[in-house]
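Observations on the three-dimensional arrangement
One letter stands for each residue in the lines below.
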4 protein chains.
Amino acid sequence: MAEEKTDRSDDQWAQELLAIGGEEHMTPKQIAILKAAVEVFAEKGYAGAATSEIAQKAGVAEGTVFRYYKTKKDLLISIIGPTMGKLLAPFIIRNFGSVLNSPYETYEDFLRAFIVNRLDFARNNFKLLKILVQEIPFHPSLREQFVENVMNTIVEKVSLQLERFKEKGQIADVPTSAAIRFSASAALGFIMTRLLFQPDKDWNDEEEVEILIRLIMHGLSPK
Amino acid sequence: MAEEKTDRSDDQWAQELLAIGGEEHMTPKQIAILKAAVEVFAEKGYAGAATSEIAQKAGVAEGTVFRYYKTKKDLLISIIGPTMGKLLAPFIIRNFGSVLNSPYETYEDFLRAFIVNRLDFARNNFKLLKILVQEIPFHPSLREQFVENVMNTIVEKVSLQLERFKEKGQIADVPTSAAIRFSASAALGFIMTRLLFQPDKDWNDEEEVEILIRLIMHGLSPK
Amino acid sequence: MAEEKTDRSDDQWAQELLAIGGEEHMTPKQIAILKAAVEVFAEKGYAGAATSEIAQKAGVAEGTVFRYYKTKKDLLISIIGPTMGKLLAPFIIRNFGSVLNSPYETYEDFLRAFIVNRLDFARNNFKLLKILVQEIPFHPSLREQFVENVMNTIVEKVSLQLERFKEKGQIADVPTSAAIRFSASAALGFIMTRLLFQPDKDWNDEEEVEILIRLIMHGLSPK
Amino acid sequence: MAEEKTDRSDDQWAQELLAIGGEEHMTPKQIAILKAAVEVFAEKGYAGAATSEIAQKAGVAEGTVFRYYKTKKDLLISIIGPTMGKLLAPFIIRNFGSVLNSPYETYEDFLRAFIVNRLDFARNNFKLLKILVQEIPFHPSLREQFVENVMNTIVEKVSLQLERFKEKGQIADVPTSAAIRFSASAALGFIMTRLLFQPDKDWNDEEEVEILIRLIMHGLSPK
DNA sequence: CATGAATGAGTATTCATTCAT
DNA sequence: AATGAATGAATACTCATTCAT
């Protein structure tokens, strides 16, 4: 649960990278390459990034990059792949097994946990996510993988939860897909505004999250 | 109001391009180049697009591309610039002048008009918007322009409306910025799912919009 | 004797061009093209000059340049050719016919007339000469033409004069070729310093010419 | 004193290049590139030279040229820069320190040493000098550098010598600048005729130099 | 393992020249 | 005669990839 912690310095995603890479069998040079690649891909995009710059930033020779990653695309994939996996982590961990094991009593609790957790993850993996979002449109295989593995998995797992809460009468009787989309959009909109569009604003995260949850749960209509 | 129509074939954005380019004084070749550029930029991204491919797809010689657009970046800007402008169109047109002139009695009406109108625009300008979204991270000048001109304008205009409705007691007393973000996120989430992630699903747009508006207005809580 | 006058404004070589071009059968556009070509060739060199810039500076369409001069090289040659011819003008005019007709009593008089006249010519045709000097190394045909027509002609004509003066005992008994080279070098060195290296210095031309002639005639040895 | 030797084959300037380039740390390929560049620049001029031709003539791939010289202009500068420096060599070496250290008793001796030495240098560095002379008009920075560093240095150093000889009554009382110009013009005129205009003539260099010196010292007047 | 020199296909851009109007 | 749109070969330069050391 390394990514759960807060108060990380900006590029603490280095730790994520180790986890992502499969931990043990990575040499310091390989780690340096991955770190440099994340940096450069995030800044210039895959097509605009030069492997020579990555090598230089990693402090290795140009050829060394290709010793670890046969092609430039391999390097991209070995960054994006694990990042996609990590997006699923909280669901796999927390909801492992059946719905019955779910620790959440209300949808509100579930939402709160989800938003706080993923905001934290996004904060700590900002550059990785930036690459993910930037490159998915240009690599059909990545897109497929993303839709199939990530989106479908999330939708499926959350659907189970949502329907449980619906049955309990905790939430309104709207199509599950619309409800998920609505929740996820509102949450993502906040996370992206928070980290991407206005990162320098003086945010009170806890308060904002509560407002967000209130809006999702009660909408804009007055009591 | 060219972008208001529905049921366009996939690349009917060609018409948009004509309007975007300043209409009358464009030669067929220039139009072909713009169309080809939109196609290729959307598919491969600016950095990954080859001017030679654009020329080939446009059916002109490589040199011809540069007769009309001095640089590759000029070509990008002459696509993105007008697109940004068009994003503002409904606000400028419909809410011209003061808030008092607003034709909307309720926030719900306003929301509905906004979502329908922009969904339609997005449908007809899908590739243009894709380029816009994809390239903004890599061109600081574009980002600035976008934030300053587009986002600030929208936020400002919508703020006025929202506060008017808040005064009327039509919507809850939440911070305006959070309310706007919430509304916009929900709307954008729908539009992107509709067009980007599941374009092939059999959507009933009118119904979906009504559900979406209901969710925004009442949230997920049961009556 | 148009080129004999002094006090010309900087680009009075326009008149030269008319004379050079064969005068009568040139349209205003052709003249404009030639003038523009001289300007651009002098500034950027033949290889670095763009015909489009020449056309623009001449105020004509790009195609028009090629109506008058089939190729870019034609344009260069039609500038350089006549300029080479003009270099010979004073000899052909003044020494027309036999040596006996020569109007000069002493080599000193001849030198003085030559230097003053050619300095004036150089002043009024500065750009033309610049082109000549710059391009001759790169166009073997031009070089041949220059050596054969210009240099040999000058050497031959001056040889006759020089030998006459040598017979008269007016000048020392050195090989004619060395004497010519010596005189021409000293004169050219002054002209180039005067116009090319230090054009802004406050020159007293008459005095300088007298010193130069004294040096050529008497060398550096003290009286 | 590498450049002092005579009887070099045509492109023995290769040795110069090694010295010019900083000697030791040049790979064979880099040397080949420099040699090819000198060849092509001399023949076609900087603007008319194609890097592809340089690469081909050097027997390396196009990319290799740019490994060693980031731009085409870098390549030019790395040829011209050291050549300019070498022009000053004899003054720096021979007249190091003050005028008092000068090894020459008479201006004639000084002239003779200068002409012989520089003729030899020009012979061995013909193409390098050709490039220098050809490109100076088109590169303002080169011109400045040349005037400031080379010309001014030479003029200054020679002025000191000349004035010393003038005081001794060895040479006439003409303005120093005119005397230098006169000497240099006569010498350069000979060197250029010797190497550029009539390289194939059967020259007796020693005799020619003596005549030249006599002309500079005593002019054309008979004894 | 690691290097970095070498490669050559690929890129954006320029420009002399042509030709339909 | 004059135009200027169109061309496409040529140009300087980049970069992912290979390979001998």
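On a predicted model such as this, the values are computed, not experimentally measured, just so you know.

For the rest of this paragraph, the subject is the overall build of chain A. The secondary structure content of chain A amounts to 10 helices and zero strands. Of all 223 residues assigned to chain A, the portion counted as buried reaches 48%. Residue pairs at least 24 apart in sequence account for 67% of intrachain contacts in chain A once pairs closer than 6 positions are excluded. Here chain A has roughly 10,800 Å² of accessible surface; of this, 56% comes from carbon and sulfur atoms.

As a matter of local geometry, DNA strand E sits amid 33 residues, with Thr64(A), Lys72(B), Thr51(C), Thr64(D) and Tyr68(D) nearest to it. Taking all atoms of DNA strand E within 4 Å of the protein, the share assigned to sugar and phosphate is 60%. The contact in question runs from a phosphate oxygen of DNA strand E to an N or O atom on the backbone of Ala49(B), over 3.0 Å. Within the side chain of Glu62(C), an N or O atom sits 3.5 Å from a base oxygen of DNA strand E. At the level of elements, helix H4 (62–68) of chain A, helix H4 (62–68) of chain B, helix H3 (51–58) and helix H4 (62–68) of chain C together with helix H4 (62–68) of chain D are the ones that each hand at least two residues to the surface near DNA strand E. The leading source of residues in the surface near DNA strand E is H4(A), at five residues. Grouping the constituent residues of the surface near DNA strand E by class yields 12 nonpolar, 12 polar and nine charged.

Time to look at the UniProt feature "domain: HTH tetR-type" (unreviewed entry) in chain A. When the UniProt feature table is mapped onto this chain, "domain: HTH tetR-type" (unreviewed entry) is found at residues 27–87 of chain A. With 85% helix and 0% strand, residues 27–87 of chain A has its two end C-alpha atoms placed 25 Å apart.

Near DNA strand F there are 32 residues, and of these Thr51(A), Thr64(B), Tyr68(B), Thr64(C) and Tyr68(C) occur at the shortest range. With respect to DNA strand F, the side chain of Arg67(C) contributes an N or O atom lying 3.0 Å from a base nitrogen. Interatomic distance of 2.9 Å between a backbone N/O atom of Ala49(D) and a phosphate oxygen of DNA strand F. Ranked by residue count, the leading element in the surface near DNA strand F is H4(C), at five residues.

Right, let's talk about the relation of the copies chain A and chain B for a bit. Note: a rotation about an axis with an accompanying shift along it relates these two copies of the chain. Mapping chain A onto chain B is achieved by rotating through 178° and translating by 0.0 Å along the same axis, at an RMSD of 0.4 Å. Read as a symmetry element, the transformation amounts to a two-fold axis. For chain A, the residue whose C-alpha comes nearest the rotation axis is Gly219(A), separated from it by 1.5 Å. The fraction of interface residues of chain A whose copies in chain B are also interface residues reaches 100%, indicating that both copies meet through the same surface.

All names here are of chain B. As for its placement among the helices and strands, Ala50 is situated in the loop between helix H2 (28–48) and helix H3 (51–58). A relative accessible area of 31% means that Ala50 is categorised as partly exposed. Along the primary structure Ala50 and Val40 are separated by 10 residues, whereas in three dimensions their C-alpha atoms are 8.2 Å apart.

UniProt records the feature "DNA-binding region" (unreviewed entry) for residues 50–69 of chain A in the present numbering. In the segment residues 50–69 of chain A, helix accounts for 75% and strand for 0%; the C-alpha atoms at its two ends are 14 Å apart.

Glancing now at the interface of chain A and chain B. Opposite the 43 residues of chain A that make contact, chain B presents 46 residues. When chain A packs against chain B, the two sides together hide about 3,400 Å² of surface, and 70% of this comes from carbon and sulfur. One salt bridge connects Glu208(A) with Arg181(B), and the closest N-O pair in it is separated by 3.0 Å. For the pair chain A and chain B, the interface holds two residue pairs in polar contact (both at pLDDT 80 or more). Those elements that place two or more of their residues in the side of chain A that touches chain B are helix H2 (28–48), helix H9 (176–197) and helix H10 (205–218) of chain A.

Here we come to the nonpolar core. Formed by 127 residues in total, the largest nonpolar core has its most connected members in Phe41(C), Leu220(C) and Phe41(D). Not counting the four nearest positions on each side in its chain, Leu220(C) is found in contact with Leu215(C), Tyr107(D), Ile171(D), Ala172(D), Val174(D), Ala179(D), Phe182(D), Ser183(D), Ile216(D), Met217(D) and His218(D). Membership of the second largest hydrophobic core comes to 125 residues, among which are Leu75(A), Phe182(A), Val209(A) and Ile33(B).

On to helix H6 (residues 107–124) of chain D, then. Along its 18 residues, H6(D) runs 26 Å from first to last C-alpha, staying within 8% of the 26 Å computed at 1.5 Å per residue. Here H6(D) has its buried residues at Tyr107(D), Phe110(D), Leu111(D), Ile115(D), Asn117(D), Arg118(D), Leu119(D), Asp120(D), Phe121(D), Ala122(D) and Asn124(D).

Time to look at the domain arrangement of chain A. All names here are of chain A. On domain assignment, one finds that chain A holds domain 1 (11–68) and domain 2 (72–220). At the interface, 20 residues of domain 1 touch 18 residues of domain 2. With both sides pooled, the region where domain 1 packs onto domain 2 buries about 1,700 Å², and carbon together with sulfur makes up 70% of that total. Joining domain 1 to domain 2, the criterion identifies one salt bridge. When the shortest N-O distance is used, the salt bridge between Glu39 and Lys127 registers 2.4 Å. Counting every contact that joins domain 1 to domain 2 gives six residue pairs in polar contact (both at pLDDT 80 or more). Of all elements in the fold, only helix H1 (13–21), H2, helix H3 (51–58) and H4 reach the threshold of two or more residues within the side of domain 1 that touches domain 2. The class makeup of the residues in the side of domain 1 that touches domain 2 is 16 nonpolar, two polar and two charged.

How each quantity is defined
- Residues numbered from 1 in each chain as written.
- Chains lettered and ligands numbered in written order.
- Predicted model: local features only at pLDDT ≥ 70, side-chain atom pairs only at ≥ 80, totals over all residues.
- Heavy atoms only, no water.
- Helix = DSSP H or I, 4+ residues; strand = E, 2+ residues; numbered from the N terminus.
- Buried < 20%, exposed > 50% of the residue type's maximum accessible area, 1.4 Å probe, protein only.
- Contact = heavy atoms within 4.5 Å.
- Areas by Shrake-Rupley, 256 points an atom, 1.4 Å probe, with all protein chains shown as cover.
- Near = heavy atom within 4 Å.
- Polar contact = N/O pair within 3.5 Å; in protein donor to acceptor, adjacent residues only side chain to side chain.
- Nonpolar A, V, L, I, M, F, W, Y, C, P; charged D, E, K, R; others polar.
- UniProt positions renumbered as here; feature names shortened; annotations may be inferred.
- Least-squares fit on C-alpha atoms with pLDDT ≥ 70 in both.
- Buried area = accessible area lost by both parts, 1.4 Å probe.
- Salt bridge = Lys/Arg side-chain N within 4 Å of Asp/Glu carboxyl O.
- Core = buried A, V, L, I, M, F, W, Y, C linked by side-chain atoms within 4.5 Å.
- Expected span 1.5 Å × (residues − 1).
- Domains from an automatic or database assignment.

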